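Given next are the chains, with one letter for each unit.
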Amino acid sequence: MRVLSGIQPSGHLHLGNYLGALRQFVDLQDRAQCLFCVVDLHALTVRQDPAALRQSTLEVASLYLAAGIDPQRAAIFVQSHVPEHAELGWLLGCLCTFGELQRMTQFKDKAGERESVSLGLFAYPALMAADILLYRASHVPVGDDQRQHLELTRDLAARFNARHGETFPVPAALIGAVGARVMSLQNPHEKMSKSSPDPRSRVELLDTPDQVRAKIRVAVTDSEREIRHDPEHKPAVSNLLEILALASSQSLAELQEHYVGLGYGRLKQDLAEAVVALLEPLQARQRELSAAPDHLRAVLGQGAELAHALAEDTMRDVRTAMGLLTAR
Ligand code: AQP
């Protein structure tokens, strides 16, 4: 089992990134060969301030470590440090059709918000396919929002194999049952997202306890006062219950029983304290890591070296299979 996943340094990581992705990364490192990258090239699909992007790249890497990924067991690296990602992204882009990319809902959502859209934003799924196939990954832990991109990756792997000979395993998505789609605290019909303009919509992993409490206190709820898990009729409260279930390691059924006769205020209070307790150890480790930037750089260097060796191996096969002439 070889696992690859990544997170964009497009802002501060939030509970959705943690519960949908990062937490799974930590669990997987004992069961599989794991590669986790900070996908900075993906972040560039929308405009970034260069200094902020560099800062964010280091912050995401430090949160990988702080969350418990052990660089002795898993490679942690920055996507742009392995140039083969961009090369394979181009080659897979040549296999991918305009229609396929146009159907991607994330593209439609993100493009819909903007006046002008980069070619990179449109081609994002081809680069994501390259990230995965470059390492011949068998499994990809992601949140539910990435399901469609992963389907395209699977199609591209199969298409490449059919046209050019068996080269890539067709990777499977690993999507958690609960927490796979953490919703915005301000609009339960939208996912929690780094780039939402409203900071109250997300709890960031490095928010102070007071910020966490304040954001949860003003989270939207639903009409009628009963606390129950019913995503269709009570999307906001169901989202709060799901986060609480994960943060406190209780089942939704247990929580539902516990909150019979209690109000939203109590649920929010309990949720805030559970999230503060969940983030506290992670934040303490992240503070230590930020004080040791050389250590972080060394981890990223070591990860890139390992990733690069695997990537070079795949690219030799890919170039030959596609008919590219070797340089010598
Ligand atoms: N709300 C979410 N619930 C569960 N999982 C989520 N993920 C993201 N949002 C949620 C998962 O986190 C991983 C990294 O995501 P990404 O950085 O590659 O990009 P994204 O999916 O587009 O995440 P964001 O936070 O919404 O970033 P922006 O706003 O920059 O687009 C992925 O595994 C994703 O599924």
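For every chain, the first residue of the written sequence is number 1, and numbering continues from 1 onward in sequence order. Only residues with pLDDT of 70 or above have their local features reported here, since the model is predicted, and side-chain atom pairs are shown and tallied only from 80 upward, although totals for entire chains, interfaces and linings are computed over all residues. The side-chain values count all of the structure's non-hydrogen atoms but skip hydrogen atoms and water molecules.

Chemist: I'd love a proper account of helix α10 (residues 235–248), names of residues and values included.
Modeler: With 14 residues, α10 should cover 20 Å at 1.5 Å per step; its first-to-last C-alpha distance of 20 Å lies within 8% of that length. Buried residues are those whose accessible area, probed at 1.4 Å on protein chains only, stays under 20% of the maximum for their type, while exposed residues exceed 50% and partly exposed ones sit between those limits. Only runs of H or I of at least four residues qualify as helices and only runs of E of at least two qualify as strands under DSSP, and these elements are numbered from the N terminus. When you tally the buried positions in α10, you get 13 out of 14 residues, the bulk of the element. Positive phi appears at S249, one or two residues downstream of α10, with a value of about 50 degrees. A helix is expected to reach a length of 1.5 Å times the quantity of its residues less one.

Chemist: Tell me about the site of the ligand, residues and numbers included.
Modeler: Here a residue is considered near a molecule or strand provided that any single heavy atom belonging to it is located within 4 Å of it. Within the structure, the ligand sits among 24 residues, and S10, K110, D145, K194 and S195 are positioned closest to it. In the analysis that follows, any N or O atom pair within 3.5 Å is treated as a polar contact, provided that within protein one partner can donate a hydrogen and the other can accept it, and provided that, for residues neighboring in sequence, both atoms belong to side chains. G143 places a polar main-chain atom, nitrogen or oxygen, 2.8 Å from an oxygen atom of the ligand. Within the contact set of the ligand, an oxygen atom lies 2.4 Å away from a side-chain nitrogen or oxygen of S195. The Shrake-Rupley method, run with a 1.4 Å probe sphere, supplies the accessible areas, and residue values consider only the shown protein chains as cover. Protein burial of the ligand: of its 640 Å² of free accessible surface, 98% is covered by the chains. Sorting the residues of the shell around the ligand by element identifies β1 (2–7), α1 (15–28) and α6 (105–112) as the ones contributing at least two each. Per element, the largest residue contribution to the shell around the ligand is four residues, and it comes from α1. Residue polarity is assigned by list, with Asp, Glu, Lys and Arg as charged and Ala, Val, Leu, Ile, Met, Phe, Trp, Tyr, Cys and Pro as nonpolar; anything else, Gly included, falls into the polar class. Class assignment of the residues belonging to the shell around the ligand gives a composition of six nonpolar, 13 polar and five charged.

Chemist: An account of unusual backbone geometry is needed here, citing residue identities and associated values.
Modeler: Positive phi is not limited to glycine here, since R136 has a value of about 50 degrees. By secondary structure assignment, the location of R136 is in the loop between α7 (119–133) and β4 (139–141). A relative accessible area of 21% places R136 in the partly exposed class. We note that E224 has phi near 55 degrees; this positive angle belongs to a residue other than glycine. Mapped onto the secondary structure, E224 falls in the loop between α9 (209–217) and α10.

Chemist: So what about the side chain of T153? Which residues, and what values?
Modeler: Here T153 is to be found in helix α8 (residues 147–164). Judged by its relative accessible area of 0%, T153 is buried. Those residues in contact with T153, other than ones at most four positions away along the chain, are A129, I132, L133 and P171. Whether two residues are in contact is decided by their heavy atoms: any pair within 4.5 Å suffices.

Chemist: Let's hear about the packing of aromatic side chains: which residues, and what values?
Modeler: Pairing of aromatic rings covers Phe, Tyr and Trp, the last counted by its six-membered ring, and requires centre-to-centre distances within 6.5 Å; plane angles under 30 degrees mean stacked, over 60 mean edge-to-face, and any other angle means tilted. According to the stated counting rule, one finds six aromatic pairs in the structure shown. Ring centres of F25 and Y64 lie 6.0 Å apart, and the angle between their planes is 75 degrees; this geometry places the pair in the edge-to-face category. With F25 in helix α1 and Y64 in helix α3 (residues 50–67), the pair connects residues that are 39 residues apart, well separated along the chain. Residue classification places F25 among the buried residues on the basis of a relative accessible area of 0%. For the pair F107 and F122, a centre-to-centre distance of 5.0 Å together with 70 degrees between the ring planes defines the contact as edge-to-face. You can see F107 sitting in helix α6 and its partner F122 sitting in helix α7, a full 15 residues away along the chain.

Chemist: Give me the domain arrangement of the protein chain: which residues, what numbers.
Modeler: Domain boundaries shown here were taken from an automatic or database domain assignment. Domain parsing of the protein chain yields domain 1 (2–175 + 292–322) and domain 2 (199–287). When each unit is reduced to the centre of its C-alpha atoms, the spacing between domain 1 and domain 2 is 30 Å. Contacts between the two partners involve 15 residues from domain 1 and, on the opposite side, twelve residues from domain 2. Between domain 1 and domain 2, roughly 1,200 Å² of surface is buried when both sides are summed, and carbon and sulfur atoms account for 74% of that area. Taken together, domain 1 and domain 2 are joined by four residue pairs in polar contact (both at pLDDT 80 or more). Those elements giving two or more residues to the side of domain 1 that touches domain 2 turn out to be α1 and α3. Summed over both partners, buried area is the accessible surface (1.4 Å probe) that two parts give up on being assembled.

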